[in-house]
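# A look at the structure
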Amino acid sequence: MSRVLKDKKIVIGITGGIAAYKAAELVSSLVKQGALVKTIMTKNAMEFISPLTFETLSGNPVYYDMFSRAGSWEIDHISLAKWADVLAVVPATANIIGKVCHGIADDLLSTTIMATQAQVIFAPAMNTNMYNNPIVQGNIEALKKKGYFFISPAEGRLACGDVGEGKLAGLDDILQAISGYFSRKQDLKGIRVLVTAGPTREYLDPVRFISNPSTGKMGFAIAAACAGRGADVDLVAGPVNLSPPINVNMHSVETARDMYDKVMELYPACDIVFKTAAVGDYRPETYHDQKIKKGSSQLVLTLVKNPDILQELGKRKKEQILVGFAAETQNVAEYAREKMQQKNLDFILANDITESGAGFMNDTNKGVLITHEGEIVEIPLLDKNEFAHRMIDEVLKRSPRLAAKTN
Ligand code: CTP
């Protein structure tokens, strides 16, 4: 019997699909492994399987009604949301995925998902064409970006007779995903992290600005990874096209000076800073209140220097650990080391943006983490989420001060 699940509080949400009966086996297995299990059924799920099955297997009443008072003063969707360590929706229909993705909370399961801070895991099961519908796929992608976890369905013969992807994942895969959450390190609990991400905009007039193509993905991935590992995370981001990761305090800014102000406000309380943002080094000297009209054949812009946020953090540094980023096109390690000295950093992550797969416009990254002592740690080409975890692992290993704080 796995000890990982012992006394863990797990809510299983059952939605209306033919695979609902498989959730019974899951509940039974979780209970056998020592987990404390409560179940929420949607009205449609009850068409497929009786609540009595789950009541018997979990040893707890089945929750399904938003307004049942059942002698309790607590509001079910709030108390279940708070109680859960993990909330797994098995099977998850296209309907529940779509509702959660679009903020619709109209029954006990969807309101509980909306109200919980627990890790939510979806195990989709539906007809292949439905699963592959771009709307459903888009919803899944959007939820993944927000930190919801999906257990991909298996391929096979579906209840409707079609063959393809859409069959509920195997019981072992679902159990593994749930246990995986609990065995994941919470090694940043008690740590306050500040992450900056994305580009800045430096306005010439109300409709024009100077910026750069940073997508913010690396910074968002770092923020999500830190939050997943238990840290309190503030994310200060320039204009990007990404939704905030869950459990992260999001601060949106536009210009380098806005970013400077927000970062300086948050800095004293934080333990570590990941300064991923691609900050504009210069801004137009003059801002025109009215749109600049097309006139002579040349327009000369005078730019003035923006504050170097990271350099200022280096000057004000007390106990904080500073991780800078250097995107270079040549002499990568040399320029990165210079920046580390100049800005009084503890680490710098350097990448050569001319290499394929590295840099700010990709979903992947690759680079070297250079320590203050001159050690060079290579981080291979990885998806930005994995890259973030790997970089955090390497930083944490070499930061006894942080490790001591988390123990
Ligand atoms: N940085 C900052 N404020 C600035 C410029 C840069 O905080 N005004 C930070 C970036 O977030 C990054 C690091 O400094 O963590 C290095 O940024 P980079 O643009 O590579 O270097 P610069 O110092 O701007 O030098 P250069 O543009 O000459 O390479």
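Residues numbered from 1 in each chain as written. Predicted model: local features only at pLDDT ≥ 70, side-chain atom pairs only at ≥ 80, totals over all residues. Heavy atoms only, no water.

### Re the overall build of the protein
Counting secondary structure elements, the protein contains 15 helices and 20 strands. Principal-axis analysis of the C-alpha atoms gives the protein an extent of 75 × 55 × 45 Å. Of all 407 residues assigned to the protein, the portion counted as buried reaches 49%. In the protein, once contacts between residues fewer than 6 apart in sequence are set aside, the share between residues at least 24 apart is 67%. Roughly 19,900 Å² of accessible area belongs to the protein as shown, and the carbon and sulfur atoms make up 50% of that amount. One finds the centroid of the 46 positive side-chain charges in the protein at a distance of 2 Å from the centroid of its 46 negative side-chain charges. (Helix = DSSP H or I, 4+ residues; strand = E, 2+ residues; numbered from the N terminus. Buried < 20%, exposed > 50% of the residue type's maximum accessible area, 1.4 Å probe, protein only. Contact = heavy atoms within 4.5 Å. Areas by Shrake-Rupley, 256 points an atom, 1.4 Å probe, with all protein chains shown as cover. Lys, Arg positive; Asp, Glu negative; His and termini not counted. Charge placed at Lys NZ, Arg CZ, Asp CG, Glu CD.)

### What about the pairing of strand 1 (residues 9–14)?
Of all the six residues making up strand 1, five are buried; the element is thus mostly covered by neighbouring parts of the structure. When strand 1 meets strand 2 (residues 36–41), the two strands line up parallel, connected through six bridges. Paired with Ile12 across the bridge in strand 2 is Thr39. Handedness of the β-α-β unit built from strand 1, helix 1 (residues 20–32) and strand 2 comes out right-handed. (Pairing = 2+ DSSP bridges. Right-handed = clockwise from strand over helix to strand, strands pointing away.)

### A look at the pattern of salt bridges
Tallied over the full model, the rule gives 20 salt bridges. Close ionic contact of Asp106 with Lys99 constitutes a salt bridge, the shortest N to O distance being 2.7 Å. A residue is classified by how much of its surface remains accessible, and Asp106, at 52% relative accessible area, is exposed. A residue is classified by how much of its surface remains accessible, and Lys99, at 10% relative accessible area, is buried. Salt bridges linked by common partners bring Glu375, Glu394, Lys397 and Arg398 together as one network. (Salt bridge = Lys/Arg side-chain N within 4 Å of Asp/Glu carboxyl O.)

### Points about the pairing of strand 4 (residues 86–92)
When you tally the buried positions in strand 4, you get seven out of seven residues, the bulk of the element. Side chains Val86, Ala88, Val90 and Ala92 project from strand 4 onto one buried face, and the interleaved Leu87, Val89 and Pro91 project onto a second face that is buried too. Direction of pairing for strand 1 relative to strand 4: parallel, over a ladder of four bridges. From the neighbouring strand, Gly13 faces strand 4, where its bridge partner is Val89. Taken together, the five bridges between strand 4 and strand 5 (residues 119–124) define a ladder with parallel strand orientation. Residue pairing for strand 5: Val89 is matched across the bridge by Phe122.

### Details of the sheet that holds strand 4
Pairing is parallel in the open sheet, where six strands are placed in the order 3-2-1-4-5-6. The open sheet has two free edges, formed respectively by strand 3 (62–63) and strand 6 (149–150), since each of these has just one partner strand. Against the sheet, helix 1 makes contact with strand 1, strand 2 and strand 4, and its axis sits at roughly 170° relative to strand 1, the strand it touches most. Lying over the sheet, helix 3 (residues 51–58) contacts strand 1, strand 2 and strand 3, oriented at roughly 170° with respect to strand 2. (Axes fitted to C-alpha atoms, helices over the stretch in contact; angles between N-to-C directions.)

### Observations concerning the site of the ligand
The ligand sits among 14 residues. The nearest are Lys275, Ala277, Leu310, Lys339 and Lys343. One nitrogen or oxygen atom from the main chain of Lys275 is found 2.6 Å from an oxygen atom belonging to the ligand. Contact with the protein chains covers 77% of the free accessible surface of the ligand, which is 570 Å². Those elements that place two or more of their residues in the shell around the ligand are helix 12 (309–316), strand 17 (321–328) and helix 13 (332–343). The element best represented in the shell around the ligand is strand 17, accounting for four residues. (Near = heavy atom within 4 Å. Polar contact = N/O pair within 3.5 Å; in protein donor to acceptor, adjacent residues only side chain to side chain.)

### Re the domain arrangement of the protein
The domain architecture assigned to the protein consists of domain 1 (9–183) and domain 2 (192–406). Taken together, the contact between domain 1 and domain 2 spans four residues of the former and five residues of the latter. Contact between domain 1 and domain 2 buries roughly 440 Å² in total, counting both sides, with carbon and sulfur atoms accounting for 53%. When residues of domain 1 are sorted by the area they lose upon contact with domain 2, Gln117, Lys145 and Lys146 head the list and together hold 78% of the total. (Domains from an automatic or database assignment. Buried area = accessible area lost by both parts, 1.4 Å probe.)

### Focus: the packing of aromatic side chains
Applying the stated criterion across every chain, the model contains four aromatic pairs. For the pair Phe122 and Phe150, a centre-to-centre distance of 5.0 Å together with 25° between the ring planes defines the contact as stacked. You can see Phe122 sitting in strand 5 and its partner Phe150 sitting in strand 6, a full 28 residues away along the chain. By the burial criterion, Phe122 is buried, and Phe150 matches it. Consider the rings of Tyr203 and Phe209, whose centres lie 5.4 Å apart with planes at 65°: the pair is edge-to-face. (Phe/Tyr/Trp six-rings, centres within 6.5 Å; stacked < 30°, edge-to-face > 60°.)

### Comments concerning helix 1
For helix 1, which comprises 13 residues, the first-to-last C-alpha distance of 19 Å matches the rise-based estimate of 18 Å (1.5 Å per residue) to within 8%. Listing the buried residues of helix 1 in full gives Ala20, Ala23, Ala24, Leu26, Val27, Ser28, Ser29 and Leu30. Taken from the residues just after helix 1, Gly34 is the one with a positive phi, measuring 90°. (Expected span 1.5 Å × (residues − 1).)

### Some words on helix 12
The set of residues buried in helix 12 consists of Ile309, Leu310, Glu312, Leu313 and Gly314. Structurally, helix 12 contributes buried residues whose contacts are with helix 11 (256–266), strand 14 (272–275), strand 17 and helix 13. Among the residues of helix 12, the N-terminal cap falls to Asp308, whose side-chain oxygen and the backbone nitrogen of Leu310 are separated by 3.2 Å.

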